[in-house]
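# Architecture at a glance
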Amino acid sequence: MTARPYVRSTLIAALVVLALGGFMLHVRIHPVAKNFSNIVPVVAGILSVIVVPLLFSFKKTLAYGYVLNGFLAIIGTIVMAHFALAHWPDPATPGAILFGTTLADILILWTAFFVGKALFDLETFGYAPDRQRAGISYRYPNLGWWLAHLAAVSLVYTVGNLVWR
């Protein structure tokens, strides 16, 4: 096996393991039987465990996997940050903020995003070690594009939350 298929299969396996771990944590912490609205993270978990790795597995659907993986990370971040703010620890000590909020969960979610980004970049731009990164930082598929979408979706979510309280 050459480096390309080995790295590709390892990164896809990493995506599956991260998504499966997050899915299992979510099902344990937020069972659907207690609150039916917990079905949303279950659906997101199933998409992350099955659909995203399948999309990353084929050259024709690679970009779809990249976008779906990224937007699942953005939506998960926003919803978990909202949950953390709504259930802010009292007293808000550094330890309580680090370990008593959803910060660790958000970091795991962004790990899955960066594994997907690495896979997308390697498959799209090649594995040459001396290849220079180019392009405008705020254009697709660069990281700035994702930061702009994180900010925009956060703004829409915040406005929606304030308007429809």
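Residues numbered from 1 in each chain as written. Predicted model: local features only at pLDDT ≥ 70, side-chain atom pairs only at ≥ 80, totals over all residues. Heavy atoms only, no water.

## A few points about the environment of Leu150
The residue Leu150 is located in helix α6 (residues 143-163) in this model. Between the C-alpha atom of Leu150 and that of Lys117, which follows or precedes it by 33 residues, the distance is 15 Å. In this view, Leu150 contacts Ile74, Thr77, Ile78 and Trp110; residues no more than four positions away in its chain are not counted. (Helix = DSSP H or I, 4+ residues; strand = E, 2+ residues; numbered from the N terminus. Contact = heavy atoms within 4.5 Å.)

## Digging into a nonpolar patch on the surface
A cluster of nonpolar side chains, contributed by Ile46, Ile50, Leu54 and Phe58, occupies part of the molecular surface with about 390 Å² of accessible area. Residue position: Leu54 is located in helix α2 (residues 39-56). (Patch = residues over 30% accessible without salt bridge, like charges linked within 9 Å, V, L, I, M, F, W, Y side chains within 5 Å. Areas by Shrake-Rupley, 256 points an atom, 1.4 Å probe, with all protein chains shown as cover. Salt bridge = Lys/Arg side-chain N within 4 Å of Asp/Glu carboxyl O.)

## What about the environment of Asn38?
With respect to the helices and strands, the residue Asn38 is situated in the loop between α1 (3-29) and α2. For the pair formed by Asn38 and Lys60, sequence separation is 22 residues and the distance between their alpha carbons is 32 Å. Excluding residues within four positions of it along the chain, Asn38 makes contact with His30, Pro31 and Val32. Among the polar contacts listed, one links the side chain of Asn38 to the backbone oxygen of Pro31, at a separation of 3.0 Å. (Polar contact = N/O pair within 3.5 Å; in protein donor to acceptor, adjacent residues only side chain to side chain.)

## Some details on the environment of Ala104
As for its position among the elements, Ala104 is in helix α5 (residues 103-125). As a C-alpha pair, Ala104 and Val43 span 61 residues in sequence and 21 Å in three-dimensional space.

## Looking at the packing of aromatic side chains
Evaluation of the coordinates by the stated rule reveals 13 aromatic pairs. On the numbers, 4.8 Å between centres and 85° between planes, the contact of Trp145 with Trp146 is edge-to-face. On the basis of relative accessibility, which here comes to 17%, the residue Trp145 falls in the buried class. Here a set of aromatic residues connected by ring pairs shows up, and it is made of Tyr66, Phe71, Trp110, Phe113, Phe114, Phe120, Phe125, Tyr140, Trp145 and Trp146. (Phe/Tyr/Trp six-rings, centres within 6.5 Å; stacked < 30°, edge-to-face > 60°. Buried < 20%, exposed > 50% of the residue type's maximum accessible area, 1.4 Å probe, protein only.)

## Some remarks on the packing of helix α3 (residues 62-86) against α6
Axis separation between α3 and α6 bottoms out at 10 Å; the angle between their running directions is 45°. Between α3 and α6, the interaxial angle falls into the category oblique. The crossing of α3 and α6 is right-handed. Each of Tyr66, Val67, Gly70, Phe71, Ile74, Thr77, Ile78, Val79 and His82 in α3 lies in contact with α6, whose residues at this interface are Trp145, Trp146, His149, Leu150, Val153, Ser154, Tyr157 and Asn161. For the contact of α3 with α6, the class distribution of residues is eleven nonpolar, six polar and no charged. (Axes fitted to C-alpha atoms, helices over the stretch in contact; angles between N-to-C directions. Parallel < 35°, antiparallel > 145°, perpendicular 65-115°, else oblique. Left-handed = near helix turned anticlockwise from the far one by under 90°. Nonpolar A, V, L, I, M, F, W, Y, C, P; charged D, E, K, R; others polar.)

## Side note on the side chain of Ser48
Within the fold, Ser48 resides in helix α2. Those residues in contact with Ser48 that sit more than four places away from it in its chain are Ala19, Pro53 and Leu72.

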